[in-house]
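Residue strings, one per chain:
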Amino acid sequence: MSGALCGLREAVAGQLRRGGLPAVAAMEGRRAGRWRETVAAVSLSRVACAPGGFQDYLGVWTDPDSGKKREVYGRQAEITLTLDVYAPREGGESACQRGAETAAELLMCQGAAGLAALELRWGPVEFREELGMYRLPVSCRCGAWLTARTDGETGVFTDFEVKGRTI
């Protein structure tokens, strides 16, 4: 596997960091307590595709190095990312709210690493006593294309990618 979905989580975390919100690609709860500032943990919570395989023929891709042509197939998908925004006790609930607002502005204005953000939702802030931190869950539903290239000889799908979708 190509790790395309893991790469998406990493790309969104990088986008948030560049926008001023410290972020990591998923985080175990016990590690959250180490942070002394607001931080977002990015994880993938849902991928929904239409029925069927990679049925949509998208065209031919030419390898820039070898010149070899390979067919590209894809399917539309919706990907939901979950951001758990954590803030230390000293920052309070308002630090979680500010972190969520920063994330929302970045994702709605720029998309989630190139994917169109269709909807953002967040729940209530809760204090996690075992972590000594506040937590606010944010979900971002995105439109995407999952694409795959054939190997050019046997027709086996390789090189899976997640690509943006305009709305």
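If you're wondering where the values come from, they're calculated on a predicted model, not measured in any experiment. (Residues numbered from 1 in each chain as written. Predicted model: local features only at pLDDT ≥ 70, side-chain atom pairs only at ≥ 80, totals over all residues. Heavy atoms only, no water.)

Novice: Even after reading the chapter, I still don't get helix 3 (residues 92-110), so can you show me in this structure?
Specialist: Given 3.6 residues per helical turn, the α-helix brings residues three or four places apart onto the same face. With 19 residues, helix 3 extends 28 Å between its outermost C-alpha atoms, agreeing within 8% with the 27 Å of an ideal straight helix rising 1.5 Å per residue. Along helix 3, the residues that are buried comprise Gly 92, Ala 95, Cys 96, Gly 99, Ala 100, Ala 103, Ala 104, Leu 106 and Leu 107. In this fold, the buried residues of helix 3 make contact with helix 1 (4-18), strand 4 (69-88), strand 5 (116-122) and strand 7 (133-150). One or two steps after helix 3, the chain reaches Gly 111, where phi turns positive at roughly 80 degrees. (Helix = DSSP H or I, 4+ residues; strand = E, 2+ residues; numbered from the N terminus. Expected span 1.5 Å × (residues − 1). Buried < 20%, exposed > 50% of the residue type's maximum accessible area, 1.4 Å probe, protein only. Contact = heavy atoms within 4.5 Å.)

Novice: Which parts of the structure should I look at to understand unusual backbone geometry?
Specialist: Of all residues except glycine, most have a negative phi; of all peptide bonds, most are trans. At Ala 113, a position not held by glycine, the phi torsion is positive, near 55 degrees. In this fold, Ala 113 is placed in the loop between helix 3 and strand 5. Here Ala 113 falls in the partly exposed class, since its relative accessible area comes to 34%.

Novice: I would appreciate a short explanation of the packing of aromatic side chains in the present structure.
Specialist: What describes a pair of aromatic rings is the distance from one ring centre to the other and the angle between the planes of the rings. As enumerated under the stated definition, the model contains 1 aromatic pair in all. Centre to centre, the rings of Phe 127 and Tyr 134 are 4.8 Å apart; their planes meet at 65 degrees, and the pair counts as edge-to-face. Exposure remark for Phe 127: the relative accessible area of 28% places this residue in the partly exposed category. (Phe/Tyr/Trp six-rings, centres within 6.5 Å; stacked < 30°, edge-to-face > 60°.)

Novice: Looking at this structure, how should I read the pairing of strand 4?
Specialist: For a regular strand, the rule is simple: side chains alternate between the two faces of the sheet. With 16 of 20 residues buried, strand 4 is to be regarded as a mostly interior element. Where strand 2 (residues 39-49) meets strand 4, 10 bridges bridge the pair, whose relative direction is antiparallel. Looking at the pairing, Arg 46 lines up with Thr 80 of strand 4. In terms of strand pairing, strand 3 (residues 56-62) meets strand 4 through 6 bridges, oriented antiparallel. Each residue of the ladder has a partner; that of Asp 56, found in strand 4, is Gly 74. Counted along the chain from strand 3 to the antiparallel partner strand 4, the turn is 6 residues long, and its residue Gly 67 has a positive phi close to 80 degrees. In terms of strand pairing, strand 4 meets strand 7 through 17 bridges, oriented antiparallel. Bridge pairing in strand 7 links Pro 88 to Met 133. (Pairing = 2+ DSSP bridges.)

Novice: Would you mind going over helix 1 with me for this structure?
Specialist: Between the first and last C-alpha of helix 1 there are 21 Å, a value that for 15 residues agrees with the 21 Å anticipated at 1.5 Å per step. Buried residues of helix 1: Leu 8, Arg 9, Val 12, Ala 13, Gly 14, Gln 15 and Leu 16, and no others. One or two residues past the end of helix 1 sits Gly 20, with phi positive at roughly 100 degrees.

Novice: I'm lost on the confidence of the model for the protein chain in this one. Help?
Specialist: Low pLDDT means the predicted atomic positions in that stretch should not be read closely. Across the protein chain, the average pLDDT comes to 82, with 81% of residues at or above 70. Taking the mean pLDDT of every element in the protein chain, the minimum, 59, falls on helix 2 (residues 29-32) and the maximum, 94, on strand 6 (residues 126-128). (pLDDT = per-residue confidence, 0-100.)

Novice: Would you explain the packing of helix 1 against helix 3 in this entry?
Specialist: If you want to describe how two helices pack, look at the angle between their axes and the distance between the axes. Contact pair helix 1 / helix 3: the axes reach a minimum separation of 10 Å and the direction vectors enclose 115 degrees. In terms of orientation, helix 1 and helix 3 fall into the roughly perpendicular class. With respect to the hand of their crossing, helix 1 and helix 3 are arranged in right-handed fashion. Contacts between helix 1 and helix 3 involve Val 12, Gln 15 and Leu 16 from the first element and Ala 103, Leu 106, Leu 107 and Gln 110 from the second. Here the residues of the contact of helix 1 with helix 3 sort into 5 nonpolar, 2 polar and no charged. (Axes fitted to C-alpha atoms, helices over the stretch in contact; angles between N-to-C directions. Parallel < 35°, antiparallel > 145°, perpendicular 65-115°, else oblique. Left-handed = near helix turned anticlockwise from the far one by under 90°. Nonpolar A, V, L, I, M, F, W, Y, C, P; charged D, E, K, R; others polar.)

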